[in-house]
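Here is how the chains run, residue by residue.
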Amino acid sequence: MRDGFDDFVRGRTTGLLRTAYLLTGDRHAAEDLVQEVLEQMYVRWRRVSGSPDAYARRSLVNRATNRWRRRGRRPEAPLGHHDVAEPDHSDGVVVRDAVLEALRGLPPRQRAAVVLRYLDDLPIVDVARALDCSEGAVKSNTSRGLDRLRELLGPVAVPTEGGDR
Amino acid sequence: MTDTDIRDALAAATRHITAPPGLLDRVRAGGRRRVVRRRTLVAAGLATAAAGAGAGVWWGPGGGDDVAPPASDRLDRPTRGDLAGDTGYLAAVRNEWRRYVGSGMPTRGEPHVVWAGRTPAGPVALVAQRTRPVVVPGAGQIEYGLTGWATPGGDGAPRVESMESMLTGARNAAGVLAGGGLLVVLDEAGPVGFSPDLEYRADGAIRRTFRPVAFDADGAAVLRGPEPALRAAGGARVDLARITALAAGERSEPFVRMLERTLPGGAAVWPAAGGVPDGWDLRGVPGYEDDFGYHLFHAGDVTWLLRGATADGRRFVVQTLTVGDRRDRLFLLLGVPEPAYLGTVDPSAPLPVRVRLPDGRGVVVAAESAALRYRAGRGPWLPVRGDAALLPAAATEAEVTRPGRPPQRVPLGS
């Protein structure tokens with residue numbers, strides 16, 4: 001009845017979590033969000049199994065955006081309280097904090113557009129589908145979001161997998 | 001910054017994020033809860049509709065009568081099973097179902113006994129009843145009925161095990177765990193395999209052998225095994241009424257608690273937020289949990305996840321896993337996330353966790369809520385903080401004092 005669901009969860013959870021993390025700025029919220037989306041997909045698997053990635057992304061973005069609206073009335077909890085770094089990744093922690101802080105400063109749809117384009121490497125047409133907007137709106141949101149990120153992240157050196165750049 | 005730099009920054013900011021152990025299980029359980037949809041939600045829908053609120057749950061104009069209920073094998077077929085002609089039993093099942101459903105539910109018509117048959121545990125029946133169709137905008141589901149299994153109660157009379165909503169496109173529990181390892185399953189789930197028992201491999205992982213289930217002419221099979229499991233085609237789980245009732249919170253039977261402790265010295269090498277990285281918690285490693293079995297646990301069943309560090313800075317995890325059979329598997333992961341299986345332990349023993357690390361790195365001990373002391377040879381007893389610890393390698397004996405019980409001494413080997 002739910003053929004392929006387990007494989008989808010095993011294969012895609014980490015990717016969805018990373019997207020959700022950047023959309024929410026909070027690891028625990030990201031896990032809750034992804035679990036919520038996957039549970040919904042479990043119920044509707046027969047209908048969504050044709051394009052589970054697209055369904056998951058759209059659902060994730062919608063929920064993250066709504067969540068952001070709900071939390072807008074009170075300040076975000078400091079990340080340090082939720083997400084304590086392992087001591088051997090200090091460069092990574094600097095980048096992470098800077099990226100999250102920068103994303104937090106973007107309006108939700110700009111944030112989503114940038115994350116889907118540059119973390120998930122989605123083509124514009126797929127981002128438009130996930131955000132339920134025109135391709136022009138994606139280009140505009142992405143462009144504005146990138147300008148702002150460049151401003152904020154300019155001084156940050158990004159370590160690569162093999163070491164610092 | 002170039003576009004590539006932005007990509008690198010976003011990737012670097014999320015590199016540490018990986019799927020938490022056990023997420024798939026939680027998703028499955030949560031998904032089943034959503035499918036099951038407890039009656040409180042139906043009641044909430046009733047209240048919402050009565051209040052005229054637009055959000056949440058609604059029925060179409062005319063009380064939902066304009067929403068055509070989908071055809072259903074459970075609702076539309078004659079009663080099956082060798083008790084299909086036993087009018088007295090069928091009436092008793094319907095009465096028990098009405099009692100269980102209670103008043104205030106949007107049921108329509110009479111409850112229908114889908115299947116009724118004799119089993120070694122007594123008569124068992126599956127019931128279904130139409131309800132007013134419900135549309136949930138967010139989920140897009142149409143709910144059209146309630147269904148549940150009845151098994152013999154203590155007095156032999158039928159007792160409803162659980163009640164589930166029937167949702168368009170969703171399948172309900174195809175069987176019931178009737179107690180004593182007895183399983184009744186209908187052919188609704190398609191071809192299924194049955195495994196009566198499990199065995200532990202030499203590495204502590206679980207091995208099961210499934211054989212095809214032969215259904216009788218009425219589409220039912222009665223199966224028995226000490227640790228029964230069903231697997232549907234494609235490796236899917238088969239939901240059972242008793243298990244879904246537990247997942248939905250209709251039942252409050254014992255569950256397994258995982259006791260997580262960071263041993264002194266471990267805080268420097270493990271994430272302060274708790275948990276362990278991928279591969280260090282065997283619950284998230286394929287093969288170590290029983291993916292297809294149905295287990296009912298005992299009160300007080302616990303597993304341990306002890307995170308620590310040796311004096312030379314190597315991190316380790318000592319973990320137990322259980323399926324409720326009183327043969328908890330004990331594992332050590334030292335330095336790297338590669339489990340060494342240390343055999344089974346009795347969880348009711350005074351000191352259920354007792355692991356001597358190799359090369360004189362110490363002894364890991366744990367006993368829930370116990371006061372612990374240890375000594376080396378005939379030396380003085382030394383206290384331990386907490387109910388889990390990494391003792392020096394020289395320790396030869398532990399003293400365990402559980403609340404309300406006299407102290408018990410346990411040799412630690414050498």
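Residues numbered from 1 in each chain as written. Chains lettered and ligands numbered in written order. Predicted model: local features only at pLDDT ≥ 70, side-chain atom pairs only at ≥ 80, totals over all residues. Heavy atoms only, no water.

Caption draft 1: Local environment of unusual backbone geometry. All names here are of chain B. Unusually for a residue other than glycine, Arg-326 sits at a positive phi of about 65°. Tracing the backbone shows Arg-326 in the loop between strand S16 (315-321) and strand S17 (328-334). A relative accessible area of 39% places Arg-326 in the partly exposed class. One non-glycine residue, Asp-359, adopts positive backbone phi at about 60°. Position of Asp-359 among the secondary structure elements: in the loop between strand S19 (353-356) and strand S20 (363-366). Taking the relative accessible area as the measure of exposure, Asp-359 reaches 69% and is therefore exposed. (Helix = DSSP H or I, 4+ residues; strand = E, 2+ residues; numbered from the N terminus. Buried < 20%, exposed > 50% of the residue type's maximum accessible area, 1.4 Å probe, protein only.)

Caption draft 2: Structural detail: the sheet that holds strand S23 (residues 388-391) of chain B. Residues and elements named next belong to chain B. Taken together, the three strands give an open sheet; going across it, the order is S19-S20-S23, and neighbouring strands pair in antiparallel fashion. Two strands in the sheet have a free side with no partner beyond their single neighbour: S19 and S23. If you compare each strand with its neighbour and ignore which way they point, the axes differ by 10° on average. Pairing of S19 with S20, which is carried by four bridges, proceeds in the antiparallel orientation. The residue of S20 that forms the bridge with Arg-356 is Val-363. (Pairing = 2+ DSSP bridges. Axes fitted to C-alpha atoms, helices over the stretch in contact; angles between N-to-C directions.)

Caption draft 3: Just helix H1 (residues 3-14) of chain B, in detail. The end-to-end C-alpha distance of H1 of chain B is 17 Å, a good match for the 16 Å that 12 residues give at a rise of 1.5 Å each. Among the residues making up H1 of chain B, those that are buried are Asp-5, Ile-6, Ala-9, Leu-10, Ala-12, Ala-13 and Thr-14 of chain B. (Expected span 1.5 Å × (residues − 1).)

Caption draft 4: Up close: the pattern of salt bridges. In the structure shown here, the tally under the stated rule is 27 salt bridges over all chains. Of the charged contacts, one joins Arg-74 of chain B and Glu-188 of chain B as a salt bridge, the two residues approaching to 2.6 Å between their closest N and O atoms. Of the two residues, Arg-74 of chain B sits in helix H4 (residues 73-76) while Glu-188 of chain B sits in the loop between strand S7 (182-186) and strand S8 (192-195), which places them 114 residues apart along the sequence. Given a relative accessible area of 5%, Arg-74 of chain B falls into the buried group. Assessed through its relative accessible area of 21%, Glu-188 of chain B is described here as partly exposed. In this structure, Arg-327 of chain B and Asp-325 of chain B form a salt bridge, with 3.2 Å as the shortest nitrogen-oxygen distance. Judged by its relative accessible area of 16%, Asp-325 of chain B falls in the buried class. Ionic contacts of the salt-bridge type, sharing partners, join the residues Asp-6 of chain A together with Asp-25 and Arg-28 of chain B into one network. (Salt bridge = Lys/Arg side-chain N within 4 Å of Asp/Glu carboxyl O.)

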